[in-house]
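Remarks on the overall topology
Take a look at the letters that make up each chain.
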Amino acid sequence: MTSLLLFIKFIVTYELSNPNVLCKHVPGTAMTNSNCSDFTAEILKREQEYHRQGWWSGERLQDRYEKIVATRGDDLAVVDNRGQRLSHGELWEASGVLAEKLANQGICSGEVVIIFLPNRVEWQVALLGILRIGGIPANLPTRIDADNLRYVAELTGTRAIITTERHRSTPTGEIAHSAAKLCEHRMDVLIVDENAHNWITSPEKPIPSATNVSGLDHIMFTSSTTGRPKAVMHSADSLAALNQAFTERFSLGAHDAIFMASPLGHSVGTIHGARLALYNGVPLVLQDVWNPDEALAMIVENECVFTAAATPFLKDLVEADWKEDESKLSSMRWFLCGGTQVPLDLMEKAKQEFPNTFVALLWGMTEGGLTTSTSETPTEKTLTTAGIGLPGLEMRILDPEGKSLGTGKIGELAMRGPGVFIGYYGQDDLYKSLLTAEGFFRTGDLATLDETGYLRITGRLKDLIIRGGVNISPVPIEDGLSSHPEVSGAAVIGFPDERMGELLCAVIIPKDQIPTLENLNNFLREKGLPKYHCPELLRIVEKFPTTPAGKIRKAELRKQIVAEATTANKAA
């Protein structure tokens, strides 16, 4: 099965009888049967190396956790900001009850079950319960609407959704029920509230087939800034490789509590919160609605050691009032910040505000990979790079033709390694189109690698602004604008222009006063940015359209700004 897993990693089908199937979808290749066989041999060689190095063990997360329960059953497993808490023994018992209810409903091994819950104790119960019946958990943030929920359910053949009646003002139960009614196949909805399990079924519809992807253990959905979500497939081994690497890199012990305010429905919360906590048997401290003051109190109360979160979380904690005698975040040794660009100014302030905490950038994708700094990383690299790859992660910088670029050159980042995903569910052609001939996954991120392997992300291919035929990355401009004292948030988009193609348009969320465009550009020049990086337009907004991970939806923002300008021109 393990050998088949890596074949599926590159084809996600069972078309193994013809070796050209593997090669014909890879862009820029013209392989013969001979060198295509070399390619598959290289796949098997890497698989063996992942096992030899101990990155892949074949152990399922639920089996590993069961051993922890046997020795530390009375220790705290999970607690949320509503006061709900379970020990490892209680979590194991509660997940067993849920697993039995799923099985009684006819849900079988290999069937997909979506977790559509906020950051509450019930989330961890659901994850473990699904895994224990051999189901495939698929997680979604509660911000998704019924149409997108229906879309991902049909894409993956989801058999059931586990949700709650409401999450604050969001009618999660109603959204799930609407998606189930719209879905082409039968999809049951399980409402879990105050230990109640209420089923909503649609028996007149056909039951979807269970997944047939060998090794598939978890499905996560990209919080895409454009278009529909993609269903990212991970194996137990690929996710364990990430958990193991973080455990070793950050010396996480059996009682080092994890604080998680990032949505568990997003990959950051799932991988570095829910699954990492089960992997090590450590307390998972959950906050379901972000509040920086409450977060600081929960971290202190539970002596949290580790967290991973997006830039807005870090910014709010830096700016939060703190009147206690001990330093802010005194118990937290590691704060990994990712999901979107982190301005240098914010990183410097964080190091001042959190003297006991190692604050570093985290680069990664739902598809895996992951780079961070380490305790040995020089301060300058901690502030300006996304660190080095986890053990086994190979990275290359590619030009538009797919050729590797030298040190310090900007190009598209490509990766392969033990923590990289195994394909897109139901979208194998898309997956194949993003692989190089050597099996590297093209990430769509623009980046550079220095001579010591440190990664610096410079932008996204799709975010490049083409002004007068010149490609301009918005990242350094956004970093500069974000450090302006009167700017709370900033994005730079391309505004259509007949003569130049696109103009640089700064979109900001102001603090108290609204700065002028001239003021902002003078500030950018003082920061050392060239004149051609100075925006030509300024727009003010109250908030940005964002993904659950905090990334700005650039395409949606651009559409909004252009539409407002068109309306204003017509009115004039």
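Figured I'd write up the structure that's included with this text. Quick caveat, the model's predicted, so the values are computed rather than measured.

**Here we look at helix 17 (residues 517–526)**
Turning to helix 17, its buried residues number three or more, namely L520, N521, F523 and L524. Axial view of helix 17: buried residues confined to an arc of 155 degrees, hence all on one face. Summarising the geometry of helix 17, the exposed residues directed more than 90 degrees from the buried face are E518 and E526. Against helix 16 (475–482), strand 24 (487–497), strand 25 (501–510) and strand 26 (537–540) lie the buried residues of helix 17.

**A look at the packing of helix 16 against helix 17**
Across the interface, helix 16 lies against helix 17 with an axial gap of 10 Å and an inter-helix angle of 110 degrees. By the criterion of interaxial angle, the relationship of helix 16 to helix 17 is roughly perpendicular. For the pair formed by helix 16 and helix 17, the contact residues are I477, G480 and L481 on the first element and L520, F523 and L524 on the second. Residue classes in the contact of helix 16 with helix 17 are distributed as five nonpolar, one polar and no charged.

**Remarks on unusual backbone geometry**
Positive phi is not limited to glycine here, since R168 has a value of about 55 degrees. Mapped onto the elements, R168 comes out in the loop between strand 5 (158–163) and helix 8 (172–182). Despite not being glycine, L370 has its phi angle at roughly 85 degrees, a positive value. Tracing the backbone through its elements, the reader meets L370 in strand 15 (residues 368–372).

**Focus on helix 10 (residues 267–280)**
Across its 14 residues, helix 10 extends 18 Å between first and last C-alpha, which sits within 8% of the 20 Å expected from 1.5 Å per residue. Counting buried positions along helix 10 yields 14 of 14 residues, so the element is predominantly enclosed. In the segment just after helix 10, G281 is the residue with positive phi, at about 65 degrees.

Each value, and the rule that gives it
- Residues numbered from 1 in each chain as written.
- Predicted model: local features only at pLDDT ≥ 70, side-chain atom pairs only at ≥ 80, totals over all residues.
- Heavy atoms only, no water.
- Buried < 20%, exposed > 50% of the residue type's maximum accessible area, 1.4 Å probe, protein only.
- Helix = DSSP H or I, 4+ residues; strand = E, 2+ residues; numbered from the N terminus.
- Arc of directions from axis to C-beta.
- Contact = heavy atoms within 4.5 Å.
- Axes fitted to C-alpha atoms, helices over the stretch in contact; angles between N-to-C directions.
- Parallel < 35°, antiparallel > 145°, perpendicular 65-115°, else oblique.
- Nonpolar A, V, L, I, M, F, W, Y, C, P; charged D, E, K, R; others polar.
- Expected span 1.5 Å × (residues − 1).

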